[in-house]
Structures are given as structure tokens and as C-alpha cells.
Amino acid sequence: MITLKFGGTSVANAQNIKLVIDIVNQKAKTNKLAVVVSALSGVTDMLINASKKAASKDESYKNSIEEIKQKHFDAIGDLVESANQNQLLIRINSQINQLQTLLDGCFLLGELSPRTADAIAGFGELLSSQIIATALQQTIPNSNFKDSREIIKTNSNFGKAAVDFELTNKLIGDYFGTNKSQVVVLPGFIANDENGNTTTLGRGGSDYTAAIIANATHSESLEIWTDVNGMFTANPKIVKQAQPIESISYQEAMELSHFGAKVLYPPTIQPVLKSGIPIWIKNTFEANAYGTLISNQNEVGVNPIKGISHIDNIALITLEGSGMIGVAGSSKRLFEVLSQNAINVIFITQASSEHSICVGILNNDAEKAKAAIDAAFEIEIVQGKIDPCSVEKDLCIVALVGESMKNHQGLSGKMFSTLGKNNVNIRAIAQGASERNISVVINEKDVKKALNTLHERFFEDNTKQLNLFVMGVGNVGEKFIDQIHQQKKFLKENLKINVRVIALSNSRKMVFNEDGIDLKDWPNTLSSGENANVTEFISRTKELNLRNSIFVDITANYDVASIYEQFLKQSIAVVTCNKIACSSQYDNYKNLKNLSRKYNAPFLFETNVGAGLPIIDTLKNLIASGDKVNRINAVLSGSLNFIFNNFSETYNFHDVVKEAGVQGFTEPDPKIDLSGVDVARKILILIRESGNIIEMEDIVNNSFLPDECMNTTNNVDFFASLIKHSSHFEKLLADAKANDCRLKFVASFDNGKASVGLQQIPKESPFYNLEGKDNIVEFYTDRYVDQPLIIKGAGAGAAVTASGIFADVIRIGNV
């Protein structure tokens, strides 16, 4: 014999019930079956709401009765042939009348007793089971209906009655021992007390009904049919990458169901545990899917973690004070008062100093618990020995569960470090001696990030998901997005990094998609987005609270550079090619670096100097290894190098600068490059990264631009001034040629002093043959004394800058 249970979604409507009937027909070919069913979807809630309305003198409860009646009559019309409907309709109508009588009584009395509440709540299962039994008789004549109340007996604790197993097992055994039917359909959730009153087994009690029957009949297995393919490694509605668990032990299943795994009602396992009856969790809508097998066989696999689960709406109650240290009975008094007030304790932890005890309870019980505890310890509180109990609400318990966890070292450390890296603050920790679960209490707003981060760490083959929030999609930004799109598959397969672009913004529009923006057609997606707003962009990024979030700044905007602090404080990494922040006041630069360390949020700006060249990374490695930088000589502007390499007697200065802008080598405002400000920022950043304190005004800028060019306020006037002063630039070129030199804009740092300016470079200098848009940097250090460490290569251009930004993103993924 096999016991099957079909939940609310499986019997939600006639269409779903037909699938149930198909499954039962197939199973009945080879086995006798006990089939336990829940109420039609939503009916139990409708019954409870109707009873509350009636007790509060709200006549709209009558509408609920009609709605419930129609819902069941519709099901009969769709499932039962006309010839078989008459008797069933009479029975169902009679029971609906009984329901109405009970509700009318509640309305007249203006009250709802626990006994009446149970009687009303149980009608859903009673009605659905009779309809399904009649429908089954059309294909399996040797099937019948049995009222569970006749064979499951409980005490009179209405709402969550305790089963009298000795009597119940005898009644079930006697009934099924003499019953010849191939299939017996029973209502879940309901039972009777010794006085014949209807009792209920608690919400989700239909699972429990099925387990009770499976145990009493010594069923070969218990099958729980629901709307998912078994138990999952995490809640698939929150963690999209959650996977079905093929096999799990009874103990692991109990732990997961206790911590919120909704496919199984926690007490379900108890009746079948001692009997060793295996439980299958199956999907009504994918009947051939494997599902999850729950048994006493603990499958020892590579991964000691079987699942991650959570409980929402938790409050943390803390009782502490020196008066608890060494005083016997403090814990007993605390738990006694909670028990007396019917407050369920979900989580317990106590400091080894005995100075404090912390318990987790439901949010709704928090105020009642505080009042009761403070009253119980009133004398100690007045004497100052114990503090009034503190309450923290809106928390969540997250638990790692696995039978084999006790045999693996370091799991707690991995859990805590993974959460810490994503700015998830742990409020309390508990781990039982069995080491079957590790539980932490966190803020409820962090639950999605915590579950996804932990699932990624323990179940996704160490694949790390990076969530990018990109601001700036001009030349460089466009190349960056194209590179991500092109390399996405490679990164996932070879580096185990899954890069998703969650948000895009330019100066006009912005767009967010929590599941990742489709990069195939991102320009059209962005153009149809909402109006851009930096404040809103920051707010939305924080609200999404995604793991491994990275803000990518591909602008040259002062306002954008000023918001990094807000991201770093939320443990959101920052990657930027915008030099403004790192070349701002030293205190701001240092603050950003400190925030990065404090909140474990990478702050990377490799492309601030040399585009995609590994200049800053190399410098960091020198300093980290104990070397000291004494002197720097560099050509740091790819745009200026391009301009002076192409400027000639036949190619005037104005036209070369224009071409540099067209090719994306200059900033949108080319004066930033030509004035030397951009180069000054770059050498400033290198000096600071070398460990020196320096401000922008400490750098001597020997500008080659005439004052009139410097004083222009827009690009049109600036380019006009270049034409006007063309003779000035021609003279600079002629003087260099006369000395057999080439013009290069050089940045220098020596003996604590820094300068930038146009220099005539002789042939023997390594700078002389620097072609195109290339950059070159010479580091003279304690180790590189006579021959400098030289880094040379393309230092400008949209593609190489984008690749440098991309490299910083990958660095974060590899951390």
C-alpha cells in the first residue's frame, strides 16, 4: 500500500484535479492507495476570513458562503458526469448549509470560539475529498470516501490538536485491514476529539494526516504531491539557481522544514520516522520528474550542505545583566514565562559568560513577550541586576542544513565570511551539538542577498555572480558593454564568473532590471527607460541589495565622482575610470580608501592612469612587497602623445586635436587634456598610490597653451583659439626639430616634487620613439635604482580603456 497526499495547488481547480486523477489511476494499477487531499486552493483562507467577519458582525460573510458553494459546484460540473452529480450535489449542499448555520451562529453571538473555528476551518477538506472521491469512482469503481474524523482521534486543543496515536493507529489499522477498496480518499487536516467535535491538526496538517495514515497502515512509502519538483537547496522564488535535492535524510528534512521549507509541514516526518517509511516529494504538474526522496539513508556526497532555509518575521529578545551570572534558574524562569504565554521559541543562544540569553520568536509575539519577561524579572530589574529585556524586530533566521556538516571543518567560517563580504550583519549565531545546522539571525532586508550569496558559495560550483550598475555609456561605456556581452559565456565557463548588468544610465535615461538587462539590444532598452536621476539611481541600487554589487563609473562627471562614498558604505564595490575622485583633496581620496577596507568593498581605478595598462596594479604590488618609489618619469596622456606624434608642418595643430577627439582619445572637453590638468591628475594618483601625501596644487603645471586658449569656456571658442594661435604651436614644433628632438608632455616626480609640462625629448631617451597614443612610465625604486621598471603600451582609446575597466571587474570576481 502507498499513501498519497495532494496539496492545495494540486487540487486548486478542476483542471488540476484531473491531473491528480491521472496520477492516482496510474498508481492504482499496481498498488492499493490511501489518498489524502487538501481543500481547493484558497478555500481554507476564505473559511477563516468568513468566520472572522461573522464574529465581527460583518454580513459580507454571506458572500463568502456563496463563493465557496459556487467554487465547489463548478468543480462538480467539470469533474463528475451528469448521471453521478445528483447525490453528490445534495451532500455538498447539505454541508454548505451546516457551514452557514455555524457562521450565522457566530454572527448572532458576535464571537468565535476555538471549537467553532475548527469546525468551520475543516469544511474545505471535507468538501474537496468527497468531490474527488466521486470523480475517481468513474475510472476506479473500487474506490470510496472515508471521513478522517472517524479514524483520527485527538485531544481538544482546538487549532492544533494532539493526536491520540494509540487509539488512532488501532482505528486506522482496523479500517484498512478490512477495507477491500483499491483507493480510499480521505480529507486531510481534520480529526475528532473524544466528544465528537471536529479538531484540526494545524495549518499544513494535511501532510500530517497522510503521515499518520502511512504509519498506521505500514505503507511502502508516503508521497507528498505539490507544485515543485521536490525539496530545493533554497527557496526557488528567492534563489533562481536553486536546485532540487534528490535524496535527503529525515533529520535534514525536518531541519529544512522547520526553517521554512514550505513543501513539507514540519511534524509530518515524526509518524513515519521510527517506521522508516520513505517520503517522496513529487510534482503534480511534472509527474515524471524525479522529486526528492526522504529516508533514513544519509547520502554522503561531496557537498556536506543539503540546503539553505530561512524564517521571516523574527524578533530577537535579549535578557542580560550581571545578576544572571552564576544564578541557577534564570533560563528556566525565562522559558517558563514564554511557555505560560504560549510563545513559541524558534531560536536560542546564550553567552558562555551567562551574562545574556537571546531567543528568537515571531514578530507578532514580541510585545507580549517583553511585557511578560519584564514582569517576571521585575525585582531584578528594579534592583539593577538585570536590564529590561530588549527587542529587535524585522529580523530573519537563515540556516545551513546538512547531516554531514559535523565531518567537515570550516563551514561556519565560510558562512560568516561569505555574509560579511556582502555587508550582511549577523545579529546572533546558534549551532547545535549535532552540527546538523548552523543558524544566524540577520536583518530581514538582507535575506535575499544572504540566501543568494550562500547558495552561490555552497552550491553553484563556486560560480560568482557579479551585478553591475553602470553609469556612463558613451564611447568607452559602449565598448565595455560589448566586451561583457562578448565574453559572458567564456567568463562563466572558464573563470566561474557570471556577469550581469542590472542597471544602465546616461545623462538622459536610466533602466533597471533585477534579472539582468539583455545586452543584445541594450541601446533601445535604455532609450525607452525612465528619466535619469543620480539620487534615484543610488536609492534603487541600495534597495535591490544584490550580492556582489559593483558600481561602474564610466563618466568624467564631478557629481558622479562624489557619490562613491554612498556605495562603499553599503559594501558595493566601485570601479571607475573617472579620475576626479582619486585626484580630489587628499582627505577625500584617503576616506574612500579607508571605506573600501572598512566595508570590504573593492575600490578599483586602474584606468585612471594608462587606460588598460597595468600601471596602478604594478605600483600596488611594488609597495605591498616593501619597495619604495623614489622617482617617476612618465608620458601619461595618450591623447597628447597622439597629437604631438601627428602634428607636423603639413598637419596643423587644430586638425590633429579634432582628430584625437573623433577617435575618442581626448576627454569630451579637450582642454582638460591639452591644459595638462588630466596628466597632473594622473601623476597625482601615482604619487598617492606610492604612499605620499600630495595635493593637486603641489604639482607645477607648465602649460604650453596660450592664456586665451586656457580662458575659453566652451569647445567652439577653444578650437577657434587654436586656429588663432597656430603660429605659437608651429614655433614649438620648429624649435624641437631644430634641436633634433620630439615634443612629449612629460610628468615627473622626484625628491617629493612633481611637475607636468611639454618637453623636448632627445633621441637617446626611451620617450623619443613613443608612437601613436602610447604611454610610458618609469619607476625608480629602492630595487630598481639604475635601470627603472618600465611599463609601456597603448594609453588611450575606448577599447583599451573599456578592457581596463573590465579587468577591474574581473579582479573583483576573482577575490
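Going by the structure above, here's the rest.
Residues numbered from 1 in each chain as written. Predicted model: local features only at pLDDT ≥ 70, side-chain atom pairs only at ≥ 80, totals over all residues. Heavy atoms only, no water.

1. Quick word on unusual backbone geometry
Unlike most non-glycine residues, N313 shows phi in positive territory, near 55°. Along the polypeptide, N313 turns up in strand β11 (residues 307-320). Notably, D394 is not glycine yet its phi reads approximately 55°, a positive angle. Mapped onto the secondary structure, D394 falls in strand β14 (residues 390-401). (Helix = DSSP H or I, 4+ residues; strand = E, 2+ residues; numbered from the N terminus.)

2. Quick word on the pattern of salt bridges
On inspection of all chains with the given rule, the structure shows 30 salt bridges. In this structure, D207 engages K5 in a salt bridge whose closest nitrogen and oxygen atoms are separated by 2.9 Å. Of this pair, D207 sits in helix α8 (residues 205-216) while K5 sits in strand β1 (residues 2-6), and the two are 202 residues apart along the sequence. Each member of the pair D207 and K5 is classed as buried. Of the charged contacts, one joins E530 and R540 as a salt bridge, the two residues approaching to 3.1 Å between their closest N and O atoms. Here E530 is found in strand β20 (residues 530-531), whereas its partner R540 is found in helix α18 (residues 534-544), with 10 residues between them in sequence. Overall, the relative accessible area of 22% leaves R540 in the partly exposed class. Three or more residues are tied together by salt bridges with common partners; here these are E530, E536 and R540. (Salt bridge = Lys/Arg side-chain N within 4 Å of Asp/Glu carboxyl O. Buried < 20%, exposed > 50% of the residue type's maximum accessible area, 1.4 Å probe, protein only.)

3. Description of helix α3 (residues 61-79)
The end-to-end C-alpha distance of α3 is 27 Å, a good match for the 27 Å that 19 residues give at a rise of 1.5 Å each. Residues of α3 that are buried: Y61, S64, I65, I68, H72, A75, I76 and L79. End-on, the buried residues of α3 take up no more than an arc of 115°, which puts them together on one face. On the buried face of α3, the contacting elements are α1 (14-28), α2 (43-55), α4 (82-109) and α6 (123-137). (Expected span 1.5 Å × (residues − 1). Arc of directions from axis to C-beta. Contact = heavy atoms within 4.5 Å.)

4. Considerations on the packing of helix α22 (residues 615-624) against helix α26 (residues 677-689)
As a packed pair, α22 and α26 sit with axes 10 Å apart at the nearest point and diverge in direction by 20°. When the interaxial angle is binned, α22 and α26 end up roughly parallel. Judged by the twist between their axes, the crossing of α22 over α26 is right-handed. The segment α22 lies against α26, with I615, I616, L619, K620 and I623 engaging I685, L686 and E689. For the contact of α22 with α26, a count of residues per class yields six nonpolar, no polar and two charged. (Axes fitted to C-alpha atoms, helices over the stretch in contact; angles between N-to-C directions. Parallel < 35°, antiparallel > 145°, perpendicular 65-115°, else oblique. Left-handed = near helix turned anticlockwise from the far one by under 90°. Nonpolar A, V, L, I, M, F, W, Y, C, P; charged D, E, K, R; others polar.)

5. Things to note about the packing of helix α11 (residues 330-340) against helix α12 (residues 366-376)
The contact between α11 and α12 brings their axes to 10 Å, and the two run at 135°. In terms of orientation, α11 and α12 fall into the oblique class. With respect to the hand of their crossing, α11 and α12 are arranged in right-handed fashion. Between α11 and α12, the contacting residues are R333, L334, V337 and L338 on the first element and A369, A372, I373 and A376 on the second.

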